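This is what each chain is made of:
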Amino acid sequence: PVDIEEAYRAVSTIWSHPLEKNDLMYRTMTASWFSPPEDAPDDLKEILRIAYELDRDRANEPQYHIHGDIGVHNLFQLASGSIAFVDPSGTFGPKAWDLGCLASWSGRPKREAVNVSIELANISGEDPKEISRWAITRTITSANLGYQRGNKIQYKECLEAVPFLLEQFNKL
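Residues numbered from 1 in each chain as written. Predicted model: local features only at pLDDT ≥ 70, side-chain atom pairs only at ≥ 80, totals over all residues. Heavy atoms only, no water.

So what's going on with the environment of glutamine 154? Residues and values would help.
Checked against the element boundaries, glutamine 154 lands in helix H7 (residues 152-171). The buried category is assigned to glutamine 154, whose relative accessible area is 15%. Engagement of the side chain of glutamine 154 in a polar contact is seen with the backbone oxygen of serine 142, the distance being 2.7 Å. (Helix = DSSP H or I, 4+ residues; strand = E, 2+ residues; numbered from the N terminus. Buried < 20%, exposed > 50% of the residue type's maximum accessible area, 1.4 Å probe, protein only. Polar contact = N/O pair within 3.5 Å; in protein donor to acceptor, adjacent residues only side chain to side chain.)

Here you go:
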């Protein structure tokens, strides 16, 4: 698992001043995240509907330059011991999206994403419910990607974690 405090320090260096809101670009980008493939099973279609509901009206949040896909899969530990994240293309969105991605892809089991969100909220000062919302959304979109790419392990792990994460989220 990732050292959450060190990872927060690394990702927070990416964020700059808020950007101008671009609803069209946001809607175009997120539409693909929530679109199930034609052959998608009903359980995937249902959780993608839930992700869409969690994400609805999020375009009104302040937008920043963000990493957009942060997690252990694109983390490097430098010789100094500090953490750096790489990605050939950043994106834009709320800070809580990056933190939610980190919570979902922290190297801990997916079922711990809400708990990791709370840890990140304590470190960052961001709202734990917003970080958790994005962590769940990221877990759901990861199930979609796993299904589309034929990665049955990723699909199953993410799909099975969603009901548990939603239960935890509703208690926040």
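Anyway, onward from the coordinates.
Residues and numbers for the pattern of salt bridges, please.
Taken as a whole and assessed by the stated rule, the structure comprises six salt bridges. Salt-bridge contacts for arginine 49 lead to glutamate 46; the nearest nitrogen and oxygen are separated by 2.7 Å. One end of the pair, arginine 49, and the other, glutamate 46, are both in helix H3 (residues 42-55), three residues apart, so they sit about a helical turn from each other. For glutamate 160, the salt bridge is made with lysine 156, and the minimal N-O distance between the two is 3.3 Å. With glutamate 160 and lysine 156 both in helix H7 and four residues apart, the pair spans about one turn of that helix. (Salt bridge = Lys/Arg side-chain N within 4 Å of Asp/Glu carboxyl O.)

Hey, could you go over the packing of helix H6 (residues 128-148) against H7 for me, with residue numbers and the actual values?
Following both chains from N to C, one finds H6 and H7 inclined at 155 degrees, their axes separated by 8 Å at the closest point. With respect to H7, the element H6 is oriented roughly antiparallel. Crossing hand, H6 versus H7: left-handed. Facing H6, whose interface residues are Lys129, Ser132, Arg133, Ile136, Thr139, Ile140, Ser142, Ala143, Leu145, Gly146 and Tyr147, H7 presents Gln154, Tyr155, Cys158, Leu159, Ala161, Val162, Leu165, Leu166 and Phe169. Class assignment of the residues belonging to the contact of H6 with H7 gives a composition of 13 nonpolar, five polar and two charged. (Axes fitted to C-alpha atoms, helices over the stretch in contact; angles between N-to-C directions. Parallel < 35°, antiparallel > 145°, perpendicular 65-115°, else oblique. Left-handed = near helix turned anticlockwise from the far one by under 90°. Contact = heavy atoms within 4.5 Å. Nonpolar A, V, L, I, M, F, W, Y, C, P; charged D, E, K, R; others polar.)

Talk me through the packing of helix H1 (residues 4-12) against helix H5 (residues 113-124); I want residue IDs and the actual numbers.
Running from amino to carboxyl end, H1 crosses H5 at an angle of 60 degrees, the nearest separation of the two axes being 10 Å. Between H1 and H5, the angle is such that the two are oblique. Seen along the crossing, H1 lies across H5 with a hand that is right-handed. Along its contact with H1, which presents Ile4, Glu5 and Tyr8, the element H5 presents Val116, Glu119, Leu120, Ile123 and Ser124. Considered class by class, the residues forming the contact of H1 with H5 number five nonpolar, one polar and two charged.

Which residues make up H1, and what values do they have?
An α-helical turn contains 3.6 residues, so any two residues separated by three or four positions project in the same direction. Considered for burial, the residues of H1 that qualify are Ile4, Glu6, Ala7, Tyr8, Ala10 and Val11. Looking at the buried side of H1, the elements it contacts are strand S3 (83-85), helix H4 (95-104) and H5. With a side-chain oxygen positioned 3.0 Å from the backbone nitrogen of glutamate 5, the residue opening H1 is aspartate 3.

Help me get a handle on the environment of tyrosine 8, residues and values and all.
Examined against the element boundaries, tyrosine 8 turns out to sit in helix H1. When its relative accessible area of 17% is taken as the criterion, tyrosine 8 is described as buried. Here the alpha-carbon distance between tyrosine 8 and isoleucine 123, two residues 115 residues apart in the chain, equals 7.7 Å. Beyond its immediate sequence surroundings of up to four residues, tyrosine 8 is in contact with Trp15, Leu99, Leu102, Leu120, Ile123 and Ser124.

Any details on the nonpolar core? Residues and values, ideally.
Nonpolar side chains tend to gather and get buried jointly when the protein is soluble and globular. Among the nonpolar cores identified, the biggest contains 45 residues, and Leu44, Ile47, Phe85, Leu99, Leu120, Ile136 and Ile140 are the most heavily contacted of them. Taken together, the elements giving at least two residues each to this core come down to H1, H3, strand S1 (64-66), S3, H4, H5, H6 and H7. When residues in this core are grouped by element, the largest group, eight residues, is from H7. (Core = buried A, V, L, I, M, F, W, Y, C linked by side-chain atoms within 4.5 Å.)

So far we have only geometry, and geometry alone does not tell us how the molecule works.
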